[in-house]
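Spelled out, the chains give:
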Amino acid sequence: MRILILKAAVIALSSLVLLACGSGESRVAQGNREGILHYGNGTEPQGLDPHVVTGIPENHIVRALFEGLTVKNPWTLEPEPGVAQSWDISEDGRIITFHLNPEARWSNGEAMTARDYVWSWHRALNPAMGNQYAYMLYPVKNAEAFATGKLQDFADVGVKALDSQTLQVTLTEPTPYFIQLMDHYSTFAVHRATLEKFGKATDRFTQWTRVENIVGNGAFRLKEWKLNRRITIAKSDTYWDRENVKLNGVVFYPTENISSEERMFRAGQLHYTQTIPLDKIPVYRAQKNSAYVNSPYLGTYYYLLNINKPPLDDVRVRQALSMAIDREKLNRTVLHGVNVPAYSITPPDTLGYYPPKLFGHDVEQARQLLADAGFPDGQGWPGLELTYNTSESHRKIVVALQQMWKEALNIDVVLSNQEWKVYLDSVDEMNFQIARRGWIGDYVDANNFLDLFLCGGGNNNTGFCDPYYDELIMRRAPQATNREERYAIFREAETLLMQQMPIIPIYTYTSNHLIHPSVQDMPSNLMDSLNLKYVWLDENWESAQ
Amino acid sequence: MWRFIGYRLLQAIPVILAVITVTFFLVRAAPGGPFDSEKAVIPEVRAALEAQYRLDQPLLQQYAAYLGDLAQGELGPSFKYPGRSVNELIAAGLPVTAELGFYALLVAIIIGGVAGVIASLKPNTAQDYIPMSVAMIGICMPSFLLGPLLVLVFGIYLDWLPVSGWGDIPGDKILPAITLGSTYAAYIARLSRAGMLEVMSQDYIRTARAKGLPEWQVVTRHALRGGLIPVVAFLGPAFAGLLSGSFVVETIFQIPGLGRFYVQAAFNRDYTMILGTTVFLSTLIVLFNLLSDILAAWMNPRLRAQFREQ
């Protein structure tokens, strides 16, 4: 009996091996033939409700299943028509009128109306909803008051359906980036009847986003959702611009292990990887017709300085620490030259805005500043602790910084790594001296980086507070009449910020992907914004090369 | 026998209750909460979220409510995946992990059992040392090393097997099963060698040989049953260990199992998910231990006799 089981098992195992050897065509080759993109999406999405989710993997799927009033063009990032076929902005910049495309349909065939937006924004801003991205709609008049419970009547919020095809939005201040925000999922419309069928509008736990229930309005519809395995979407036959959608479908894979993701790519299981392990970059760079794509990304990697705690309460110490860092060398060695050294918070060329560069790598001046602050050649240095969240790449950087500070300034810095949530707690409680931080822009505008450092701002986390800085960002920039004037005000504010140095910028992020040569019209852009509508797969990519 | 089982089941209740209590208060004592993220959450939003998950109530009240739900088999909504209940997530992950565990155990028994028996037949010779050294390497080699190594050789260089997935591409279950099973194969090899050595020196083996039976029949017919008792006793905890410890293999091969949920839940501070999986897995461990004790008793005539006397 036992022998029999053993024999059966051996036969079963070996037949499996044989079976596997027989499968010739890779998933990518099959996908190219069938017009199905196999996409490494980082992690399993939390969900697909546009007013609940918060992450990047969610963003990729939600923006394929739903479409905003406007859509970012993936080449230029300029807004182009989505559900709205056009929009007018009043002379004072405060009233925006969206004209909906009469062909815009929900995936169940119903026409989309301006009332869908009024109802959806009511939901997105409802305090009971707990929508973490409700602030995307704060430029709308009274939206913030409603979202924070200070205003009860939604009728006072600046959004109105003039008729079924016309949506009028009233803003508190002219907000040049507001049109861009219409491509953020928290401003998307959701299908009221579907939601109400499965629960209360503000209920986070309903099942309306399940495959059999969901109604969207995007270029694709949800076909299959296998938890932690894959999410499959297929081209929608109700989408207004369906003639221009080239892919037949996309399969999203949760690939949180980046080494596995890279192996999947190499084995022909993926067209696209969310990222690439740092140590693999030199290997891919050396290849001819490399699949490796590196491009600037709207994000900054920096360190928070707690300016309430000595010795960092002295601006000279903060400047000395920052100047003693050789960012070029750090980037060249530790980071394999992947990123761009940063000397300020806003990434360069943020819609034409360039941040000021007030300092560079200057050991002499750093030593002088430290001596002026009372620590000549590191004497009397009280010690400093640098907190970062546990990660191999962060560790490599902090170790390099520790060494640079020791060599340049003769000071000791203790490194302390913390598990992610513990680290978030420490930063939130201001329970640190120096802490690692990254900020990724929600929209392409310097304001999104500079308003981090307003007095008491939720993401300030440094203790920095300058009323004049607040005045520049909150009052003067919104009232600027043109882009030059507005950017000049931003530059003044950013100069002030970097003189005070409550943060040490390290580098501007870049996005790093492996993209199969058959993938066409998936351009790199500053927001790593994916618009699957344009993407297509070239079956004959080999002859094209 | 029934009294023994009933007694053991009663014993399990306080054990599981203790696990629930300790886990419940430990996860809440850990710094950082489920709604902390890199972007600041405004107080109104945080309050709304906490209210939706009952976190605004006093801790003891939350505990009582949790026990009440648990008594009805409800593990609560997940924090990380709104719209999914912990029951649903476990139901999605468990069959995959159990299947993986089963194949891994099969691999472990076949490789480990054969190696152990071969080694035991000629103790302290090359036939003993070679399989046992390999077994030792198996124990020492962590799966996060063995997995990628197997993938590189069989998945990428030889291109025989898929590098990841579960049930998507034919053959994608082989490498994970071998990776997960190899550590246990090594343990089983050592256990079966020790068990066989002990049995082979028993009188009844000498009797079997004296009857003139060929050596292979002595081994398969008479020695194996007794020699593998330690292995059987190990299988229960091993299977429970495979279920709760498959996280690394599941991550390497992108397998949608329970292990991935379990570990991610801890990182996400997904309170209900941490509790749900812990309670569920600890119950399984208790049950499997009991099961393997029963099986060992059934295989061992002496223990069986003891039960009969009771």
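Everything quoted here is computed from the prediction, not taken from an experiment.

K.L.:
Before we move on, can you summarise the side chain of Asp538 of chain A with the specific residues and values?
P.N.:
All names here are of chain A. Turning to its location among the elements, Asp538 is positioned in the loop between β18 (536-537) and α18 (541-544). Polar side-chain contacts of Asp538 include one of 2.9 Å to the backbone nitrogen of Asn540. Residue contacts for Asp538: discarding those within four places in its chain leaves Ser518, Gln520 and Ala544.

K.L.:
Let's hear about the packing of aromatic side chains: which residues, and what values?
P.N.:
Per the stated rule, a full pass over the model turns up 36 aromatic pairs over all chains. When the ring of Tyr343 of chain A is compared with that of Phe359 of chain A, the centres are 5.6 Å apart and the planes differ by 75°; the resulting orientation is edge-to-face. With Tyr343 of chain A in the loop between β12 (340-341) and α12 (363-372) and Phe359 of chain A in the loop between β12 and α12, this residue pair connects regions lying 16 residues apart in the sequence. Across the pair, Phe359 of chain A and Tyr343 of chain A agree in class, each one buried. An angle of 75° between the planes, with centres 5.1 Å apart, marks the rings of Phe24 of chain B and Phe25 of chain B as edge-to-face. For the cation-ring pair, Lys39 of chain B lies above Trp439 of chain A, with the distance from its terminal atom to the ring centre recorded as 4.9 Å.

K.L.:
Could you give an account of helix α12 (residues 258-268) of chain B, with specific residues and numbers?
P.N.:
Residue and element names in this part refer to chain B. Within α12, burial applies to Leu258, Gly259, Arg260, Phe261, Gln264 and Ala265. Of the surrounding secondary structure, the elements contacted by the buried residues of α12 are α4 (86-121), α11 (247-252) and α13 (271-299). Trailing α12 by a residue or two, Arg269 shows a phi angle of about 55°, which is positive.

K.L.:
So what about the sheet that holds strand β16 (residues 503-514) of chain A? Which residues, and what values?
P.N.:
Residues and elements named next belong to chain A. The six strands are arranged β12-β16-β11-β15-β13-β14 in an open sheet whose pairing can be described as mixed. Each edge of the open sheet is held by one strand with a lone partner, namely β12 and β14 (413-418). Two elements, strand β11 (residues 292-305) and strand β15 (residues 434-440), share seven bridges in a ladder whose sense is antiparallel. Paired with Tyr303 across the two strands is Arg436, which belongs to β15. The sheet strands contacting helix α14 (residues 420-428) are β11, β13 (384-389), β14 and β15, and the helix crosses β15 at an angle near 100°.

K.L.:
Requested: an account of the pattern of salt bridges, with residues and values cited.
P.N.:
All names here are of chain A. Counted by the stated rule, this structure contains 27 salt bridges over all chains. The salt bridge partner of Asp49 is Arg123, with a shortest N-O separation of 2.7 Å. Placement of the pair is Asp49 in the loop between β1 (36-40) and α3 (56-65) and Arg123 in helix α4 (residues 114-125), with a sequence separation of 74 residues. Residue Arg486 pairs with Asp445 through a salt bridge whose shortest N-O separation is 3.0 Å. Pair noted here: Arg486 is in helix α17 (residues 483-500) and Asp445 is in the loop between β15 and α15 (447-450), with a separation of 41 residues, a long-range link. As far as the burial class goes, Arg486 and Asp445 line up, both buried. One connected set of salt bridges, linked through shared partners, spans Arg63, Lys72 and Asp183.

K.L.:
Which residues make up helix α5 (residues 126-140) of chain B, and what values do they have?
P.N.:
All names here are of chain B. Compared with an ideal rise of 1.5 Å per residue, which puts 15 residues at 21 Å, α5 spans 21 Å between its outermost C-alpha atoms and is within 8% of the ideal. By the burial criterion, the buried members of α5 are Asp128, Pro131, Met132, Ala135 and Gly138. Projected onto a plane normal to the axis of α5, the buried residues spread over an arc of 105° and lie on a single side. Turned more than 90 degrees away from the buried face of α5 sit Ile130, Val134, Ile137 and Cys140, all of them exposed. Looking at the buried residues of α5, the elements they touch are α4 and α7 (174-200).

K.L.:
So what's going on with the pairing of strand β4 (residues 84-89) of chain A? Residues and values would help.
P.N.:
Residues and elements named next belong to chain A. Where β4 lies against strand β5 (residues 95-100), five bridges are found, and the strand directions are antiparallel. Residue pairing for β5: Trp87 is matched across the bridge by Phe98. Taking the residues that link successive antiparallel strands as the turn, the β4-β5 hairpin has five residues, and the phi of Gly93 there is positive, at about 75°.

K.L.:
So what's going on with the nonpolar core? Which residues, and what values?
P.N.:
Residues and elements named next belong to chain A. Counting 150 residues, the largest nonpolar core has Leu69, Phe98, Trp121, Leu125, Ile233 and Leu532 as the members making the most contacts within it. Here this core gathers at least three residues from each of two domains, domain 1 (1-66 + 218-273 + 515-545) and domain 2 (67-193). Dropping the residues within four chain positions of it, Leu532 is found in contact with Leu37, Ala64, Phe220, Ile233, Leu247, Val250 and Phe252. By size, the runner-up hydrophobic cluster in this structure holds 77 residues, among which are Leu77, Met323, Leu370 and Ile473.

Quick notes on the rules
- Residues numbered from 1 in each chain as written.
- Chains lettered and ligands numbered in written order.
- Predicted model: local features only at pLDDT ≥ 70, side-chain atom pairs only at ≥ 80, totals over all residues.
- Heavy atoms only, no water.
- Helix = DSSP H or I, 4+ residues; strand = E, 2+ residues; numbered from the N terminus.
- Polar contact = N/O pair within 3.5 Å; in protein donor to acceptor, adjacent residues only side chain to side chain.
- Contact = heavy atoms within 4.5 Å.
- Phe/Tyr/Trp six-rings, centres within 6.5 Å; stacked < 30°, edge-to-face > 60°.
- Buried < 20%, exposed > 50% of the residue type's maximum accessible area, 1.4 Å probe, protein only.
- Lys NZ or Arg CZ within 6 Å of the ring centre and 35° of its normal.
- Pairing = 2+ DSSP bridges.
- Axes fitted to C-alpha atoms, helices over the stretch in contact; angles between N-to-C directions.
- Salt bridge = Lys/Arg side-chain N within 4 Å of Asp/Glu carboxyl O.
- Expected span 1.5 Å × (residues − 1).
- Arc of directions from axis to C-beta.
- Core = buried A, V, L, I, M, F, W, Y, C linked by side-chain atoms within 4.5 Å.
- Domains from an automatic or database assignment.

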